[in-house]
Amino acid sequence: MILSELHLHNFRNYEDLTVHFAPGVNVLIGHNAQGKTNMLEAIYALSLTRSHRTHNNRELINWQHKSATISGIVQKTSGRVPLELEFTSKGKRAKVNHLEQARLSTYVGQLNAILFAPEDLSLVKGAPALRRHFMDMEFSQMSSKYLYNAGQYRTLLRQRNKYLKQLKYGQQHDKVLLGVLSDQLAAYGAEVIIARYQFLQHLEKWASQLHEKISLNAEQLRLDYVTQLKLSEETTVEQAYQDLLELYQSHVDWEIEKGTTMYGPQRDDIHFMVNEKNVQSFGSQGQQRTTALSVKLAEIDLMKEQTGEYPLLLLDDVLSELDTIRQTHLLTTFQDKVQTFLTTTSLNDVARQLIHQPKIFEIEHGTLSKGETQ
């Protein structure tokens, strides 16, 4: 999968820009606040229909205008696919092959991208919400079914939580409707939980190999999916649905007292185990960073395994956060495998030695110099 061409119109500090990228490594060099991260944000948004930096669409639109457009040409094994995404204050419109998509869920998956930024090094030691967000964002690109089920679950969860609060404060009294909401929530929740469990098993396969290599065979990495259900490889979606529904039914009074849903995938987490110890609690900063790096890089092969196409790799000023050893493993892992976009204020000696013929763009005040291959 290659993004051969990108056009930005009134997006952030880019008024009107067309750029052609190399199929290998594209390096975006410039001082801070010139537009490097804006460029990666545009590619990420073209992939997932949303920014990784803000939930407010208005922030993506150049302040002098009412809409912003990102469009691009994706080269896939199946052929050339034009994509377009428009942001307005009222919402988003997405097009595939110049045809508007009735639902954004039918658009996601046309262009897959993995973003690795300095904050992703907090994937291991950060809050559980970060890891749930990681699962939802990455797995949604690999499976339209997961994207749909996760979206339905979030909608029903908001409805159920609202109704639980109404029951708590005596604004509603009908527990029959709560039972209906519980049944529907359990059905979608079971789909999400089983999919996460299965995807994490595949991710562990790739991540453990990378972690062992980076640690020079000194460490073994395991990913444990932490959920309120008892899962095994034999657990079916139907069994997970029954177990989750039982939790709702047997704790109904407690959930009303709390005014919120206490069970389901919104409570789940991932434990990263290195040599059988939880690296979040007991690992060094170096082990935590190696684990985060292994997991992020493992997504490359997992996406290829699940979709048949390698994703784009977006590296947002991450080299400066890694030591020489981890920089080397990062650069050699993606080299000659995936199209890569790397932002930096300058290329250090390690990067210059390891990156084969990068196409370098210099960015200043939202303008790009002509890309040169070095």
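What counts and how
Just so you know, the residues in each chain are numbered from 1, in the order the chain's sequence is written. Thresholds applied to this predicted model are a pLDDT of at least 70 for local features of residues and 80 or more for the giving and counting of side-chain atom pairs; totals over whole chains, interfaces and linings are not thresholded and use all residues. Values reported for side chains reflect all heavy atoms of the structure, with hydrogen atoms and water molecules removed beforehand. By the criteria applied, helices consist of DSSP H or I runs no shorter than four residues and strands consist of E runs no shorter than two, each listed in order from the N terminus. All radius of gyration figures rest on C-alpha atoms, and the globule criterion is 2.2 Å times the number of residues raised to 0.38. Residue burial is assigned from relative accessible area. The probe radius is 1.4 Å, only protein chains are included, and a residue is buried under 20% of its type maximum, exposed over 50%, and partly exposed in between. We call two residues contacting when some pair of their heavy atoms lies within 4.5 Å. We get accessible surface area from the Shrake-Rupley algorithm with a probe of 1.4 Å; when it comes to residues, only the shown protein chains can shield them. Here the positive residues are Lys and Arg and the negative ones are Asp and Glu; neither His nor the chain ends is included. Here the site of a charge means NZ on Lys, CZ on Arg, CG on Asp, or CD on Glu. Geometry of aromatic contacts follows a simple scheme: Phe, Tyr and Trp rings, the Trp one being its six-membered ring, pair when their centres are within 6.5 Å, and the pair is stacked under 30 degrees between planes, edge-to-face over 60, tilted otherwise. The pairing criterion for strands is at least two bridges between them, as found by DSSP. Only the stretch in contact is used when a helix axis is fitted, and all axes are lines through C-alpha atoms; the angle between N-to-C directions ranges over 0 to 180 degrees. Residues enter a patch when their relative accessible area is above 30% and they make no salt bridge; the linking distance is 9 Å between like charges and 5 Å between nonpolar side chains (Val, Leu, Ile, Met, Phe, Trp, Tyr). Just to be clear on terms, a salt bridge is a Lys or Arg side-chain nitrogen sitting within 4 Å of an Asp or Glu carboxyl oxygen. An angle counts as roughly parallel when it lies under 35 degrees, as roughly antiparallel when it exceeds 145, as roughly perpendicular when it falls between 65 and 115, and as oblique in every other case. Classes in brief: Ala, Val, Leu, Ile, Met, Phe, Trp, Tyr, Cys and Pro nonpolar; Asp, Glu, Lys and Arg charged; the others, Gly included, polar. In this analysis, the expected span of each helix is defined as 1.5 Å times one less than the number of residues it contains.

Student: Which parts of the structure should I look at to understand the overall build of the protein chain?
Tutor: In terms of helices and strands, the protein chain carries 10 helices and 16 strands. In summary, the protein chain has a C-alpha radius of gyration of 22 Å against a globular reference of 21 Å for 374 residues, a match within 12%. A total of 374 residues make up the protein chain; the buried ones form 53% of that total. Of all intrachain contacts in the protein chain linking residues separated by at least 6 positions in sequence, the fraction that spans at least 24 positions is 69%. Only carbon and sulfur atoms are counted for the fraction: they give 47% of the accessible area of the protein chain, which is about 17300 Å². For the protein chain, the distance from the average site of its 40 positive side-chain charges to the average site of its 43 negative ones is 5 Å.

Student: What should I look at first to understand the packing of aromatic side chains in this one?
Tutor: The geometry of an aromatic ring pair is captured by two quantities: the separation of the ring centres and the angle between the planes. This structure, assessed with the given rule, holds six aromatic pairs. When the ring of Phe-21 is compared with that of Phe-341, the centres are 4.7 Å apart and the planes differ by 85°; the resulting orientation is edge-to-face. In this pair, Phe-21 sits in the loop between β2 (14–20) and β3 (25–29) while Phe-341 sits in strand β13 (residues 340–344), placing the two residues 320 residues apart along the sequence. We note that Phe-21, like Phe-341, is buried.

Student: What should I look at first to understand the sheet that holds strand β9 (residues 221–226) in this one?
Tutor: Sheets are built from strands paired through backbone hydrogen bonds, the pairs being either parallel or antiparallel. What the three strands build is an open sheet, ordered β9-β10-β11; its pairing is antiparallel. Where the open sheet ends on each side, the last strands, each with one partner, are β9 and β11 (277–278). Lying over the sheet, helix α2 (residues 128–142) contacts β9 and β10 (269–274), oriented at roughly 100° with respect to β10.

Student: Even after reading the chapter, I still don't get a nonpolar patch on the surface, so can you show me in this structure?
Tutor: On the surface, Val-176, Leu-177 and Val-180 cluster together to form a nonpolar patch covering roughly 250 Å² of accessible area. Locating Leu-177 in the fold gives a position in helix α4 (residues 175–214). For Leu-177, a relative accessible area of 36% corresponds to the partly exposed category.

Student: What exactly am I supposed to notice about the packing of helix α8 (residues 285–307) against helix α9 (residues 324–334) here?
Tutor: For any two helices packed against each other, one specifies the inter-axial angle together with the distance between the axes. Look at α8 against α9: their axes get within 11 Å of each other, and the N-to-C directions meet at 5°. In terms of orientation, α8 and α9 fall into the roughly parallel class. Two secondary-structure elements touch here, α8 through Gly-286, Gln-287, Arg-289, Thr-290, Leu-293, Leu-297 and Ile-300 and α9 through Arg-326, His-329, Leu-330, Thr-333 and Phe-334. Per-class residue counts for the contact of α8 with α9 are five nonpolar, five polar and two charged.

Student: Even after reading the chapter, I still don't get the environment of Leu-313, so can you show me in this structure?
Tutor: Here Leu-313 is to be found in strand β12 (residues 312–316). The exposure class assigned to Leu-313 is buried, which follows from its relative accessible area of 2%. As a C-alpha pair, Leu-313 and Val-338 span 25 residues in sequence and 6.8 Å in three-dimensional space.

Student: Explanation requested: helix α3 (residues 144–168) in the structure shown.
Tutor: Each turn of an α-helix holds 3.6 residues, which means side chains three or four residues apart point in the same direction. A rise of 1.5 Å per residue sets the reference length of α3, with its 25 residues, at 36 Å; its end C-alpha atoms lie 36 Å apart and thus fit the reference within 8%. Immediately beyond the C-terminal end of α3, within one or two residues, lies Gly-170, with a positive phi of roughly 75°.

Student: I'm lost on the sheet that holds strand β5 (residues 79–88) in this one. Help?
Tutor: Overall, antiparallel pairing links the six strands, which are arranged β2-β1-β4-β5-β6-β7 in an open sheet. The open sheet terminates on both sides in strands that have one partner only, identified here as β2 and β7 (99–100). Contacts from helix α1 (residues 36–48) reach β1 (2–11), β2, β4 (67–76) and β5 within the one sheet, and its direction differs from that of β1 by about 110°.

Student: Just checking my understanding: could you explain the pairing of strand β8 (residues 113–116) for this structure?
Tutor: The alternating pattern of β8 places Ala-113 and Leu-115 and Ile-114 and Phe-116 on opposite faces, both of which are buried. Bridging between β8 and β12 involves four bridges; their strand directions are parallel. Bridging across to β12, Phe-116 finds its partner in Leu-315.

Student: Sorry, what's going on with the side chain of Arg-160 here?
Tutor: Looking at the secondary structure, you find Arg-160 in helix α3. Residue classification places Arg-160 among the buried positions, given a relative accessible area of 0%. If sequence neighbours within four positions are ignored, Arg-160 has contacts with Leu-178, Leu-181, Ser-182, Leu-185, Tyr-248, Glu-255 and Thr-261.

Student: How should I be thinking about the environment of Leu-104 in this particular structure?
Tutor: With respect to the secondary-structure elements, Leu-104 resides in the loop between β7 and β8. You can call Leu-104 partly exposed: its relative accessible area is 30%. Through-space distance from the C-alpha of Leu-104 to that of Lys-92 is 8.5 Å; in sequence the pair is 12 residues apart. Residues within four places of Leu-104 in sequence aside, it is in contact with Thr-49, Lys-92 and Ala-94.

Student: What is the right way to look at unusual backbone geometry in this model?
Tutor: Comment: phi is negative for the bulk of residues other than glycine, and the bulk of peptide bonds are trans. Phi angles above zero are rare outside glycine, and Arg-12 is one such case at about 50°. Position of Arg-12 relative to the elements: it lies in the loop between β1 and β2.

Student: Help me out: how do you make sense of the pattern of salt bridges in this one?
Tutor: Once their charged atoms are close, side chains differing in charge can pair, the charge on each being opposite to the other. Here the structure, examined in full by the defined rule, presents 19 salt bridges. In this structure, Lys-145 engages Glu-191 in a salt bridge whose closest nitrogen and oxygen atoms are separated by 3.7 Å. Taken together, the residues Lys-145 in helix α3 and Glu-191 in helix α4 connect sequence positions 46 residues apart. The exposure class assigned to Lys-145 is exposed, which follows from its relative accessible area of 52%. For the salt bridge of Glu-321 with Arg-289, the shortest nitrogen-to-oxygen distance reads 3.7 Å. Here Glu-321 is found in the loop between β12 and α9, whereas its partner Arg-289 is found in helix α8, with 32 residues between them in sequence.

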